[in-house]
Amino acid sequence: MTDTPAPTSEATPTRDYSSTLNLPATDFPMRAGLPEKEPKLIARWDEMKLYEKLRETAKGREQFVLHDGPPYANGHLHIGHALNKILKDIITRSRQMMGYDSNYVPGWDCHGLPIEWKVEEEYRAKGKNKDEVPINDFRAECRAYAENWVKIQSEEFRRLGVEGDFAHPYTTMALASEAVIATELLKFATSGQLYRGSKPVMWSVVEKTALAEAEVEYQDYQSDTIWVKFPVVAGAPELDGAAVVIWTTTPWTIPGNRAISYSPKIAYGLYEVAEAPEGNWAKTGEKYVLADALAEAVFKQAKVTAYTKLASVSAAVLGKLTCAHPLRGLSGGYTFDVPLLAGDHVTDDTGTGFVHTAPGHGREDFEVWMDYGRELTERGISTAIPFTVDDDGFLTDAAPGLTGRRVITDKGEKGDANGAVIEALAAAGMMVARGRLKHTYPHSWRSKKPVIFRNTPQWFVYMDRPIGGGASGSNATTLRARALAAIDDTAFYPPAGQTRLRSMIENRPDWVLSRQRAWGVPIAVFRNVDTGVVIPGPEFAHNEAYAARIRAAFEVEGADAWFAEGAKERFLKGFVDDLEPWEQVTDILDVWFDSGSTHEFVLKSRPDLKWPADVYLEGSDQHRGWFHSSLLESCGVNGVAPYKTVVTHGFTMAEDGRKMSKSLGNQVLPQDVIKQSGADILRLWVASTDYWEDQRIGKKILDANSDAYRKIRNTLRWMLGTLAHYDGVAVAYADLPELERVMLHKLAEVGAEVEEGYREYDFKAVFSSVLNFMNIELSAFYFDVRKDALYCDPKSSLKRRTALHVVALLYDHLVKWLAPLIPFTAEEAWLERHPGDTSSVHLELFPTVPGEWTDAALDEKWEKVKRVRRVVTGALEIERREKRIGSSLEAAPMVHVEDKDLLTALDELDFAEICITSQIAVTDTPAPEGAFRLEDGTPVAVVPKLAEGRKCARSWKILPEVGSDPDYPDVTLRDAQALRELAAEA
RNA sequence: UGGCCUGUAGCUCAGGUGGUUAGAGCACACGCCUGAUAAGCGUGAGGUCAGUGGUUCGAGUCCACUCAGGCCAACCA
């Protein structure tokens, strides 16, 4: 520090020159008030018919179609909906601005169980019974219910700033949609891919209906338990004469037994009864195969007083074993072989270590059975699953000797089936023990009565049967092969989606399409009860005419036509000689088939869209949902996927990374965010997050986004204020000072990142690139440096005018790039610069950055300038701390640059201006001892000094020249010139 | 239990094919400015890269396991 005299300006009374400065002036408020402003902008867009204008503007451009995965028309939006729709909106808006015709048509999924429930609930409240209401009346109420929610959700989506054809959305329940969905299914029937198989479902005997898992509640129930022998008949000589013992809580399922499951992870042994009471079921000398861990408990239950283990039995032996059904020979039935199958569901906690497997009566039983299908067929064992229990709970002909016994009565009480089975087993000498067990058991939600798992006919689509005529577009022969090929042809964001979908398609069983429900599109086929032949089908001569009938009727009446009186005559007459054996199928389609067909009834039917879609975007759960069913549906019918790209997003967690739930009270509702902060804040959150993975949201995170928003807004506001003094005259690039050219270079870099980010669906890259640019390059550097020229330079100053020109360029570029992310604020900002009734940033294209803006050499040079600048600011910070200066304008540092490269970079630059000091000296002379240096090794040392001269009353710079102008003795010469020009103007 | 995935500073994110003291923005602390002012600028302090064990001259980066979390495995969408 030298002994420079303190500036004398403090003592001199100063004039307030602020009115002579070009200070920022704007009405653009610092505080956004988004909750009030956003609805007004929506109203404006409505009024100016923005959606229609977007289409008009883009007419003839290449189409880009993001096809909307339909949300379910039930309930208010949650955060997941908001994330989903905002992402879609960012995509459609950015593609539109990239120069595509990017049309977005929102859709809704309207059929299905949840709506049935709601309507039924309303019935119950009114004391009405669903079964007494004609089905089409019930369906009408479901339709009205869905309609109402479509309206509500539509408004909620729009409030998020989502732009699209909300005046003409699609719904799966539109009559035309139902017509297409039904005829799409007919295509599967026609090509022979649809077949009638069977599968166990939860069934309520009392209500005579299938139940969903959600309609079932678990209550305590007392079951009869039995331990039963399955005599070994083949496979292992060492087990001759032994029996595999199973345990079950449902004796009535014994007639349905077709296999025994064991676990390769459990140790088994061959045991012999050494001693048992007279007349005991388990007799001395009998040999049982049991899990070692459970043998003792079994013998105790069987009242066996002594037993011995003869040998261990390996899993390899068990796998080859064949047993006889314990009722073999009863009424001439049960002659089939019972194989042993390895299953993961088998444990050695309870029972015997062997699980009685009745594929018609349990999910796991069914799965094990189906998994072994091919192997069983090779062993000569029929894989057919018997229908041992009918709708009313009676054992059928498929249970010889027990036919007519009842599992559960109309009233929901236990029938006589269990007793009869036990009696028959005992008579056959196959009982080991019996007991009772109190445990939780599924009961119907409605009747509170126990339900059963029973085999029921269902409609399936083959995954692995070669597809014959009627379908086209692919060489692959089976649905699975086609789907796998289609997955290879699809781009996935993130890439893991491909693996996930592929492994699902590889492993999935045949596609079950039928549901025994009311609110949906029917499987509009007929089945010949004598021959099993289905219409339509590969052999049927009138497939097209039949489909045309269905389609024509559904287009006018909707799927209700199928459920109306006389449907059989109406649709079948003239196609068959005798209507009598033809049974109308009343099952409806799984709603996944509905939404899986949207590409057909939306993309193909609307001229303003195209097929296939460019993008499907949904949550990662949709790998087994919409992505999956759309793929199968389209591969079955078209041979290829209905999409080119699949984008998935993760789930939204609470702030601690855990699932949101009502009970934990950690939910964030989009409605609340919108009310408190505005939709743009929510959208900024979406833009900032890595949505490919699970994201978090909460107060802290939203606050951080509000802060980012404020920074963006304030920076735009300052630019607007400054531009109030811009006359709109452009300056040629060649005439720009280096600083301006560097900013344009940076802008070009940001532009490349923005473009790449939008193209690759990486919005957080766009967000951080723009935000960092605004923070670091603009707010903290360029604007800070240029304020002097912008505020103080004379009107005529080229520097001032070029800066204004560049600020205007920066402003328009940034606002456009931000438009897809924060459409409300971007619009508000755009209109400040480009007002007009028909003006909208959303009608603009992203700017093309001129190639001449890119100047890597200049950028490199200025990075050096900034390195030196950092040393200067570091030195000034010390001065500030020591209270020698406050403002940097009080300083006039001496900068010793010890590197030739760095020194050259400063040539011909007004380095004082860049460092925002009043004066500065740059030299290559060695720095004195004690000069300030940065620890990072920059070869620059700074010796701070106070600026000499008087403080300019206008620009606050301290310069010796102040006082030398006779007219304006209290300002610098530059400021004097500015004042002179101002005076001349007046 | 199986399929797919995640775990880097308080928060949101960067960290090609393994290679110098792990980066940014925000938030935080301290200071400056008071002509972007419920603003602006500067400086600074924050990380055993979930953990353990391996491969390697060398691992946030590769491998295995463990822990924590998420989605899927519904006549739910």
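Everything quoted here is computed from the prediction, not taken from an experiment. Counting starts from 1 at the beginning of each chain's written sequence and moves along it residue by residue. Whichever chain is written first is A, and whichever ligand is written first is 1; the rest continue in order. Residue-level local features of this predicted model are given only where pLDDT is at least 70; pairs of side-chain atoms are given and counted only at 80 or more, and the full residue set underlies all totals for whole chains, interfaces and linings. Calculated side-chain values reflect all of the structure's heavy atoms, with hydrogen atoms and water omitted.

To qualify as a helix, a DSSP run of H or I must reach at least 4 residues; to qualify as a strand, a run of E must reach at least 2; elements of each kind are numbered from the N terminus. Along its length, chain A carries 30 helices and 33 strands. Its C-alpha radius of gyration of 40 Å places chain A more than 25% over the 30 Å reference for a compact globule of 986 residues. The C-alpha extent of chain A, read off along each of the three principal axes, is 130 × 70 × 55 Å. Counting all 986 residues of chain A, 57% fall into the buried class. To measure how exposed things are, a 1.4 Å probe is used in the Shrake-Rupley method; for residues, cover is taken only from the protein chains shown. For chain A, the accessible surface area stands at approximately 41,400 Å², while carbon and sulfur atoms represent 51% of it. Two things to know: the radius of gyration comes from C-alpha atoms, and the globule rule equals 2.2 Å times the number of residues to the power 0.38. Only protein chains enter the accessibility calculation, which uses a 1.4 Å probe. A residue is then buried if its area is under 20% of the maximum for its type, exposed if over 50%, and partly exposed in between.

With that out of the way, let us pick up the protein's contact with RNA strand B. Summary of the distance rule: residues count as near a molecule or strand when at least one heavy atom falls within 4 Å of that molecule or strand. Taken together, 67 residues form the shell around RNA strand B, and within it Leu113, Ala212, Gln516, Lys700 and Lys764 come nearest. Here, RNA strand B places atoms within 4 Å of the protein, and 76% of those atoms are sugar or phosphate. Side-chain atoms alone can form a polar contact between residues adjacent in sequence; in general such a contact is a pair of N or O atoms within 3.5 Å, and within protein one must be able to donate a hydrogen while the other accepts it. Separating a base nitrogen of RNA strand B from a side-chain N or O atom of Lys787 is a distance of 2.9 Å. Those elements giving two or more residues to the surface near RNA strand B turn out to be α4 (113-125), β6 (209-211), α13 (496-507), α17 (591-596), α22 (699-723), α24 (763-792) and α27 (856-881). For the surface near RNA strand B, the residue count by class is 23 nonpolar, 17 polar and 27 charged. Throughout, the ten residues Ala, Val, Leu, Ile, Met, Phe, Trp, Tyr, Cys and Pro are labelled nonpolar, Asp, Glu, Lys and Arg are labelled charged, and all others, Gly among them, are labelled polar.

What follows is about the sheet that holds strand β31 (residues 940-943). Strands sit in the order β30-β29-β31 across an open sheet of three strands; the sheet is mixed. Each edge of the open sheet is held by one strand with a lone partner, namely β30 (921-923) and β31. When the angles between neighbouring strand axes are averaged without regard to direction, this sheet yields 20°. Strand pairing is assigned whenever DSSP detects at least two bridges linking the two strands. Of the strand pairs in this sheet, strand β29 (residues 894-897) and β31 are connected by four bridges, and their pairing is antiparallel. Its bridge partner lying in β31, Met894 is registered against Val943. Strand contacts of α27: β29 and β31, with the helix running at about 35° to β31, the strand carrying the most contacts. The axes used here are C-alpha line fits, helices contributing only the stretch in contact, and every angle between their N-to-C directions lies in the interval 0 to 180 degrees. In this analysis, two residues are considered to be in contact whenever any of their non-hydrogen atoms come within 4.5 Å of each other.

Our focus in this paragraph is the sheet that holds strand β18 (residues 491-493). Strand pairing within a sheet occurs via backbone hydrogen bonds; the two strands may be parallel or antiparallel. The strand order across the open sheet built from five strands is β2-β1-β25-β26-β18, with neighbouring strands paired in parallel fashion. The sheet is open, and its two edges are formed by β2 (101-103) and β18, each paired on a single side. For this sheet, the mean angle separating the axes of adjacent strands, direction not counted, is 20°. For strand β1 (residues 63-67) and β2, the ladder comprises three bridges, and the chain directions are parallel. Among the inter-strand pairings, Phe64 is bridged to a residue of β2, identified as Ser102.

We define a salt bridge as a side-chain nitrogen of Lys or Arg found within 4 Å of a carboxyl oxygen belonging to Asp or Glu. For the structure on display, the rule yields 62 salt bridges. A salt bridge links Lys88 to Glu618, with the shortest nitrogen-to-oxygen separation between them at 2.7 Å. Here Lys88, found in helix α3 (residues 79-97), pairs with Glu618, found in strand β25 (residues 613-619); they are 530 residues apart in sequence, far enough to count as distant. Close ionic contact of Arg454 with Asp391 constitutes a salt bridge, the shortest N to O distance being 3.0 Å. Note that Arg454 is positioned in strand β17 (residues 452-461) and Asp391 in the loop between α10 (373-378) and α11 (417-427), a separation of 63 residues in sequence. Connected via shared salt-bridge partners are Asp788, Asp793, Arg954, Lys957, Arg974 and Asp975.

We now examine the confidence of the model for chain A. Within a predicted model, pLDDT stands for the predictor's per-residue confidence, ranging from 0 to 100. Residues with a pLDDT of 70 or more make up 98% of chain A, whose mean pLDDT is 91. For the stretch residues 1-12, pLDDT sits under 50, and the model shows 13 contacts to residues farther than four places along the chain or on other chains. The ipTM for the predicted assembly is 0.96, set against a pTM of 0.93.

Moving on, we come to the side chain of Thr248. Checked against the element boundaries, Thr248 lands in strand β8 (residues 242-248). Given a relative accessible area of 6%, Thr248 falls into the buried group. At a separation of 3.0 Å, a polar atom in the side chain of Thr248 contacts the main-chain amide nitrogen of Thr250. For Thr248, the residues in contact, after removing those within four places along its chain, are Asp224, Thr225, Ile226, Thr253, Ile254 and His356.

What follows deals with a negative patch on the surface. Residues enter a patch when their relative accessible area is above 30% and they make no salt bridge; the linking distance is 9 Å between like charges and 5 Å between nonpolar side chains (Val, Leu, Ile, Met, Phe, Trp, Tyr). Here the positive residues are Lys and Arg and the negative ones are Asp and Glu; neither His nor the chain ends is included. All charge positions are set by atom: Lys at NZ, Arg at CZ, Asp at CG, Glu at CD. The grouping of Asp530, Asp577, Asp578 and Glu580 at the surface amounts to a negative patch. Take Glu580: it is sitting in the loop between α16 (567-572) and β23 (582-584).

Of all the eleven residues making up strand β5 (residues 194-204), nine are buried; the element is thus mostly covered by neighbouring parts of the structure. In the sheet, β5 pairs with β6 via three bridges, with the strands oriented antiparallel. Considered in β6, the bridge of Ser204 is made with Thr209. Hairpin connection, β5 to β6: the antiparallel pair is bridged by four residues, and Lys208 has positive phi, about 50°.

Attention now goes to the layout of surface pockets. In this structure, the second largest pocket encloses a volume near 1,100 Å³. Taken together, the elements giving at least two residues each to the lining of the second largest pocket come down to α4, α5 (135-159), β5, β6, β17, α15 (560-563), α16 and β23. Cavity: a set of points on a 1 Å grid over the protein atoms alone where a 1.4 Å probe fits but cannot get out. Pocket: an open set with protein on both sides within 12 Å along at least five of seven lines, its lining residues, like those of a cavity, having an atom within 4 Å of a point. Grid points are joined across faces, edges and corners, and a volume is the space filled by probe spheres set on the points.

Here we take up helix α2 (residues 50-58). The complete set of buried residues in α2 reads Leu50, Tyr51, Leu54, Arg55 and Ala58. Buried residues of α2, viewed axially, fall in a sector of 145°; they line one side. Residues of α2 that are buried in the fold lie against α1 (34-47), α3 and β2. Gly60 sits one or two residues past α2 and shows a positive phi near 90°. Throughout, the arc means that of the directions going from the helix axis to the C-beta atoms.

Below, the discussion takes up the packing of aromatic side chains. Note on aromatic contacts: the rings of Phe and Tyr and the six-membered ring of Trp form a pair at centre separations within 6.5 Å, being stacked when their planes are under 30 degrees apart, edge-to-face when over 60 apart, and tilted otherwise. Applying the stated rule across the entire model yields 33 aromatic pairs. An angle of 55° between the planes, with centres 5.6 Å apart, marks the rings of Phe64 and Tyr100 as tilted. Of the two residues, Phe64 is situated in strand β1 and Tyr100 in the loop between α3 and β2; the sequence distance between them amounts to 36 residues. What links up through ring pairs into an aromatic cluster is the set Tyr493, Tyr691, Trp692, Tyr758, Tyr761, Phe763 and Phe846. Whether a charge sits over a ring comes down to the Lys NZ or Arg CZ being within 6 Å of the ring centre and within 35 degrees of the ring normal. Across from the ring centre of Tyr123, 4.4 Å away, lies the NZ or CZ of Lys128, which sits over that ring.

Now for the packing of helix α23 (residues 738-759) against α24. Running from N to C, α23 and α24 point in directions that differ by 170°, and their axes come no closer than 8 Å. Judged by the angle between their axes, α23 and α24 are roughly antiparallel. Of α24, the residues touching α23 (which contributes Leu739, Glu740, Met743, Lys746, Leu747, Val750, Glu753, Val754, Gly757 and Tyr758) are Phe763, Val766, Ser769, Val770, Phe773, Glu777, Leu778, Phe781, Tyr782, Val785 and Arg786. Across the contact of α23 with α24, the residue classes break down as 14 nonpolar, two polar and five charged. Angle categories are assigned with fixed cut-offs, so that under 35 degrees is roughly parallel, over 145 is roughly antiparallel, 65 to 115 is roughly perpendicular, and the rest are oblique.

For the bond running from Tyr493 to Pro494, omega is -5°, close enough to zero to count as cis. Topologically, Pro494 is positioned in the loop between β18 and α13. Here the amide bond leading from Trp611 into Pro612 is cis, since omega sits at -5°, within 30 degrees of zero. With respect to the helices and strands, the residue Pro612 is situated in the loop between α18 (598-603) and β25. One non-glycine residue with positive phi stands out, namely Ser331, at about 50°. Here Ser331 shows up in the loop between β13 (322-324) and β14 (337-342).

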